[in-house]
Amino acid sequence: QVQLVESGGGLVQAGGSLRLSCVASGRTFSSYAMGWFRQALGKEREFVAGISRSGVTSLYADSVKGRFTISRNNAKNTVYLQMNSLKPEDTAIYYCAAQTLRVVVGRLANDYDYWGQGTQITVSS
């Protein structure tokens, strides 16, 4: 079992920055990949970024590449999502997720088997 708790959401103006954190507990954090997803109102949940167990490999959705950075600190059991140059279309609930059953970092929600409760990001224009 893995428990995930996100923090860092809020309201920000377009062009601003926010950093999300997700603290994991329950299993050895360095043994599984992590990802961030988001779900806007009326839309399906979509992949934002993923990071391998060691942190060496990271993946991004095209829509956030160059603006968002995923990182992890295995000593603190925490994964981060640094979001810069935020746009109104980034408004969504953001979820962190743990991928414990596969080694290769996935882009699909079905690749991940544990989820946090989500944190709201609202970007005003």
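Higher on the page you've got the structure.
Anyway, here's the lowdown on the structure attached to this text. (Residues numbered from 1 in each chain as written. Predicted model: local features only at pLDDT ≥ 70, side-chain atom pairs only at ≥ 80, totals over all residues. Heavy atoms only, no water.)

### Focus: the overall build of the protein
- Regarding its fold elements, the protein presents zero helices and eleven strands.
- N-terminal to C-terminal, the α/β element order of the protein is β-β-β-β-β-β-β-β-β-β-β.
- The C-alpha atoms of the protein give 13 Å as radius of gyration, which agrees with the globular expectation for 125 residues (14 Å, within 12%).
- For the protein, the C-alpha atoms occupy an extent of roughly 40 × 25 × 25 Å along the three principal directions.
- Sorting the 125 residues of the protein into buried and exposed places 45% on the buried side.
- Summarising the internal contacts of the protein: among those between residues at least 6 apart in sequence, 57% fall at separations of at least 24.
- For the protein, the accessible area works out to roughly 6300 Å², and carbon and sulfur atoms hold 49% of it. (Helix = DSSP H or I, 4+ residues; strand = E, 2+ residues; numbered from the N terminus. Rg over C-alpha atoms; globule rule 2.2 N^0.38 Å. Buried < 20%, exposed > 50% of the residue type's maximum accessible area, 1.4 Å probe, protein only. Contact = heavy atoms within 4.5 Å. Areas by Shrake-Rupley, 256 points an atom, 1.4 Å probe, with all protein chains shown as cover.)

### Quick word on the pairing of strand β9 (residues 92–99)
- Burial of β9 is extensive: seven of the eight residues sit out of reach of the surface.
- Sheet analysis places strand β4 (residues 33–39) next to β9, joined by seven bridges and oriented antiparallel. Residue pairing across strands places A33 opposite Q99, the latter belonging to β9.
- Summarising the sheet, β9 and strand β11 (residues 119–124) pair through three bridges and their orientation is antiparallel. Note that in β11 the partner of A92 across the bridge is I121. (Pairing = 2+ DSSP bridges.)

### A closer look at the nonpolar core
- Counting residues in each nonpolar core, the largest one holds 36 residues, and the members touching the most others are L4, M34, W36, L81, M83 and Y94.
- For this core, the secondary structure elements donating two or more residues are β3 (18–25), β4, β5 (46–51), β7 (68–73), β8 (78–83), β9 and β11.
- Broken down by element, this core gets its largest block of residues, five residues, from β9. (Core = buried A, V, L, I, M, F, W, Y, C linked by side-chain atoms within 4.5 Å.)

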